[in-house]
Amino acid sequence: MDILQSFLRLHVPQGCKIELFQAWEEIIVTPHQGGAHEDVVARFARTVAREAAGELYVSTHKGLITPTGRFIPDATVAPVGRFRGQEPWSPPTGVALVLEITSTNPLKEREPKRLGYAAAGIPCYLLVDRDEERVTLFTEPENGDYTALVETGFGKAIDLPAPFSFALDTAPLR
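Below you will find a few notes about this structure. Once a new chain begins, its residue numbering starts again from 1 and follows that chain's sequence as written. Restriction of local features to residues with pLDDT of at least 70 applies here, the model being predicted, together with a cutoff of 80 or more for giving and counting side-chain atom pairs; totals for whole chains, interfaces and linings are based on all residues. The side-chain quantities take in all heavy atoms of the structure and omit both hydrogens and water.

1. Topic: the pairing of strand 2 (residues 26-31)
1) Next: Pairing of strand 1 (residues 16-21) with strand 2 involves 6 bridges; the strand directions are antiparallel. In the strand pairing of strand 2, E19 is matched with I28.
2) Next: Turn length for the strand 1-strand 2 hairpin, with the two strands adjacent in sequence and antiparallel, is 4 residues, and the turn residue E25 shows positive phi of about 50 degrees. Strand pairing requires that DSSP identify at least two bridges connecting the strands. The way it works is that DSSP assigns letters per residue, a run of H or I at least four long becomes a helix, a run of E at least two long becomes a strand, and they are numbered from the N terminus.

Structural data, given as structure tokens:
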């Protein structure tokens, strides 16, 4: 049995999420994050709902199938209705942005998830790196990685491209 089949057969304890890092042949089970982590996601979702030029849906538990694994971003942003009727794991077609906030293992968000999202063609990857005290927006996925990035310390704005079309204040994401 290969690692994907093993992954798909696992039963996840309540209150945990499971992700597959195929390139590293690793399955990671993590408990849901604490209040500070969830506060960042909630503030981001509220800002998107209030400021985005297009009508977008922010999901916090959507499993995405990428060429390098199966990941559950801290937030997945797509047009309203994109995930209606979808299975728990779905291709990222139509996803405009994924948000990750570094956790106890920040390396997984900095590299393997970034590469997986780029390989899947997700246009924007927003990384809130609490250890490095910075926010990075990766864009223009090509050949398995993002070719452009904008990075700033907390407290400065980052311009999000269409369909967002607004400057994201990074201070509340601290």
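2. Notes on the nonpolar core
1) Next: Take the buried Ala, Val, Leu, Ile, Met, Phe, Trp, Tyr and Cys residues and link them wherever side-chain atoms come within 4.5 Å; each set so joined is a nonpolar core. Here's how the labels work: a residue is buried when its accessible area is under 20% of the maximum for its type, exposed when over 50%, partly exposed in between, all with a 1.4 Å probe on protein chains only. With 24 residues, the main nonpolar core has F44, V48, L97, L99, L126, L160 and F164 as its most contacted residues.
2) Next: At the level of elements, helix 2 (35-51), strand 6 (75-79), strand 8 (97-101), strand 9 (124-129), strand 10 (134-142), strand 12 (157-160) and strand 13 (166-169) are the ones that each hand at least two residues to this core.
3) Next: Per-element tally for this core: the top contributor is helix 2, with 4 residues.
4) Next: Working rule for contacts: check all heavy atoms of both residues, and any pair within 4.5 Å makes them a contact. Setting aside anything within four residues of it in sequence, one finds L99 in contact with V41, F44, P73, D74, A75, L126 and V128.
5) Next: A78, F83, Y117 and Y146 belong to the second largest nonpolar core, which has 15 residues in total.

3. Notes on the pattern of salt bridges
Side chains that differ in charge, positive against negative, can pair when their charged atoms come close.
1) Next: Each salt bridge in this description consists of a side-chain nitrogen of Lys or Arg and a carboxyl oxygen of Asp or Glu lying within 4 Å of one another. Summed over the entire model, instances satisfying the criterion amount to 12 salt bridges.
2) Next: Note that D74 and K17 form a salt bridge whose closest N and O atoms lie 4.0 Å from each other. Of this pair, D74 sits in the loop between strand 5 (69-71) and strand 6 while K17 sits in strand 1, placing them 57 residues apart in sequence.
3) Next: The class for D74 is buried, based on a relative accessible area of 9%.
4) Next: Taking the relative accessible area as the measure of exposure, K17 reaches 14% and is therefore buried.
5) Next: A salt bridge links R110 to D129; its shortest N-O distance comes to 2.7 Å. With a gap of 19 residues between them, R110 in helix 3 (residues 106-110) and D129 in strand 9 connect regions that are remote in the sequence.
6) Next: Salt bridges sharing partners connect three or more residues here, namely R110, D129, D131, E132, R134 and E151.

4. Regarding the sheet that holds strand 1
Each strand in a sheet pairs with another by means of backbone hydrogen bonds, the pair being arranged parallel or else antiparallel.
1) Next: In spatial order, the strands read 2-1-5-4-7; together these 5 strands make up an open sheet with mixed pairing. Looking at which strands have only one partner, the edges of the open sheet turn out to be strand 2 and strand 7 (89-90).
2) Next: Direction of pairing for strand 1 relative to strand 5: antiparallel, over a ladder of 2 bridges. Each residue of the ladder has a partner; that of L20, found in strand 5, is R70.

5. A short note on the environment of N105
1) Next: Position of N105 relative to the elements: it lies in the loop between strand 8 and helix 3.
2) Next: The exposure class of N105 is partly exposed, given its relative accessible area of 35%.
3) Next: For the pair N105 and A171, spaced 66 residues apart in the sequence, the C-alpha separation amounts to 23 Å.

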